[in-house]
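Letter by letter, the chains look like this.
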Amino acid sequence: LAKTTQPISMDSYEGQEVNITCSHNNIATNDYITWYQQFPSQGPRFIIQGYKTKVTNEVASLFIPADRKSSTLSLPRVSLSDTAVYYCLVGDRGNQGGKLIFGQGTELSVKP
Amino acid sequence: EAGVAQSPRYKIIEKRQSVAFWCNPISGHATLYWYQQILGQGPKLLIQFQNNGVVDDSQLPKDRFSAERLKGVDSTLKIQPAKLEDSAVYLCASSLGSGLPEQFFGPGTRLTVL
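Residues numbered from 1 in each chain as written. Chains lettered and ligands numbered in written order. Predicted model: local features only at pLDDT ≥ 70, side-chain atom pairs only at ≥ 80, totals over all residues. Heavy atoms only, no water.

K.L.:
Which residues make up unusual backbone geometry, and what are the values?
P.N.:
In this structure, Pro8 of chain B follows Ser7 of chain B across a cis peptide bond, with omega equal to -10°. By the secondary structure assignment, Pro8 of chain B is in the loop between β1 (5-7) and β2 (10-13). For the bond from Gln80 of chain B to Pro81 of chain B, the omega torsion is -5°, close enough to zero to count as cis. When you line up the elements, Pro81 of chain B lands in the loop between β8 (75-79) and β9 (88-95). Even without being a glycine, Thr53 of chain A presents a positive backbone phi close to 55°. (Helix = DSSP H or I, 4+ residues; strand = E, 2+ residues; numbered from the N terminus.)

K.L.:
So, the pattern of salt bridges: which residues are in play, and what are the values?
P.N.:
Evaluated as defined, the whole model comprises three salt bridges over all chains. Here Lys111 of chain A makes a salt bridge to Asp11 of chain A, at a shortest N to O gap of 3.7 Å. Taken as a pair, Lys111 of chain A in strand β9 (residues 106-111) and Asp11 of chain A in strand β1 (residues 9-13) lie far apart in primary sequence, 100 residues in all. We classify Lys111 of chain A as partly exposed; its relative accessible area is 33%. The residue Asp57 of chain B makes a salt bridge to Lys62 of chain B at a minimum N-O spacing of 3.7 Å. (Salt bridge = Lys/Arg side-chain N within 4 Å of Asp/Glu carboxyl O. Buried < 20%, exposed > 50% of the residue type's maximum accessible area, 1.4 Å probe, protein only.)

K.L.:
A description of the packing of aromatic side chains should follow, citing residues and the corresponding values.
P.N.:
Counted by the stated rule, this structure contains eleven aromatic pairs over all chains. A centroid spacing of 5.3 Å and a plane angle of 55° characterise the contact between Tyr32 of chain A and Tyr51 of chain A, whose relative ring orientation is tilted. With a gap of 19 residues between them, Tyr32 of chain A in strand β3 (residues 31-38) and Tyr51 of chain A in the loop between β4 (45-50) and β5 (53-56) connect regions that are remote in the sequence. Given the relative accessible area of 25%, Tyr32 of chain A is considered partly exposed. Residue classification places Tyr51 of chain A among the partly exposed positions, given a relative accessible area of 26%. Three or more aromatic residues link up through ring pairs in this structure, and these residues are Tyr36, Phe46, Tyr87 and Phe102 of chain A together with Tyr33, Tyr35 and Phe105 of chain B. (Phe/Tyr/Trp six-rings, centres within 6.5 Å; stacked < 30°, edge-to-face > 60°.)

K.L.:
Describe the state of the cysteines, with residues and values.
P.N.:
Such a bond, covalent and formed between the sulfur atoms of two cysteines, is termed a disulfide. All names here are of chain A. Tallied over the entire structure, the rule returns two disulfides over all chains. Residue Cys22 pairs covalently with Cys88 via a disulfide, S to S 2.2 Å. Its S-S torsion of about -80° marks the bond between Cys22 and Cys88 as left-handed, since a negative value means left-handed. Of this pair, Cys22 sits in strand β2 (residues 18-23) while Cys88 sits in strand β8 (residues 84-92), placing them 66 residues apart in sequence. No difference in accessibility class separates Cys22 from Cys88, as the two residues are buried. (Disulfide = S-S within 2.5 Å.)

K.L.:
Can you explain the sheet that holds β8 of chain A? Please cite residues and give values.
P.N.:
All names here are of chain A. Spatially, the five strands line up as an open sheet ordered β1-β9-β8-β3-β4, and their pairing is mixed. Pairing within the sheet leaves two strands with one partner each, and these edge strands are β1 and β4. Geometrically, the sheet is characterised by an average inter-axis angle of 25° between neighbouring strands, direction not taken into account. Judged from the five bridges that link them, β3 and β4 form a sheet pairing that is antiparallel. Paired with Tyr36 across the two strands is Phe46, which belongs to β4. (Pairing = 2+ DSSP bridges. Axes fitted to C-alpha atoms, helices over the stretch in contact; angles between N-to-C directions.)

K.L.:
Requested: an account of the layout of surface pockets, with residues and values cited.
P.N.:
Estimated volume of the largest pocket: approximately 660 Å³. Sorting the residues of the lining of the largest pocket by element identifies β8 and β9 of chain A together with β9 and β11 (109-113) of chain B as the ones contributing at least two each. The residue makeup of the lining of the largest pocket, split by class, is 15 nonpolar, 14 polar and three charged. (1 Å grid on protein atoms, 1.4 Å probe; cavity = no way out; pocket = protein on both sides within 12 Å on 5 of 7 lines; lining within 4 Å. Points joined across faces, edges and corners; volume = space filled by probe spheres on them. Nonpolar A, V, L, I, M, F, W, Y, C, P; charged D, E, K, R; others polar.)

K.L.:
Describe in detail the sheet that holds strand β7 (residues 70-75) of chain A, supporting the description with residues and values.
P.N.:
All names here are of chain A. One open sheet accounts for four strands, arranged β2-β7-β6-β5; its pairing is antiparallel. Across the chains shown, the open sheet's two edge strands, defined by having one partner strand only, are β2 and β5. Sheet twist, expressed as the average angle between the axes of neighbouring strands with direction ignored, equals 15°. One ladder, built from six bridges, connects β2 with β7; its direction is antiparallel. Bridge pairing in β7 places Ser23 opposite Ser70.

Right, dumping it as structure tokens:
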């Protein structure tokens, strides 16, 4: 499974767009890129997943360049409630539910 | 749709005691996972079940940890005897399996070993 590197922490203000970049230089051909969000005292929650180019849902966008060695999670117009830890994960979905390897994550702090 | 249920939410024990955690996954989810999350770190997978069979338990400390999912539905994780370094949040997650990416996590059980 490819190792990921992301900033330990980021600060932002309400209403701003936040971009969190994750590096995964050793990503394999079958690997997908997945982002999870975790609030204090809760389990992680799936945000978005992609393989290449751009993926968008109602919560976030995921940008993946052609070489797939990095990815950027984009959160539009963040609010205080987006304060959380964001995990970037890379791995093969696998035949039996897939395996997630969590790193340390990026602690995002949104200020008023 | 009901989420993943875990109990208890909190547990305090002394070292060398035993403890058990219970998890009821989302109905119909074939794959069940137990994670350990130490404060300040990301979750670490302990064991993964597909129905009632173990898929991966490579990071489970088998000398003290055990887990079962007898009927392919709910699961129990046990620690016996507990050590101070077992203090962590124990998260249960489930997914439909068969390569689907999204895992649904429960609220976790916070274990404190004194």
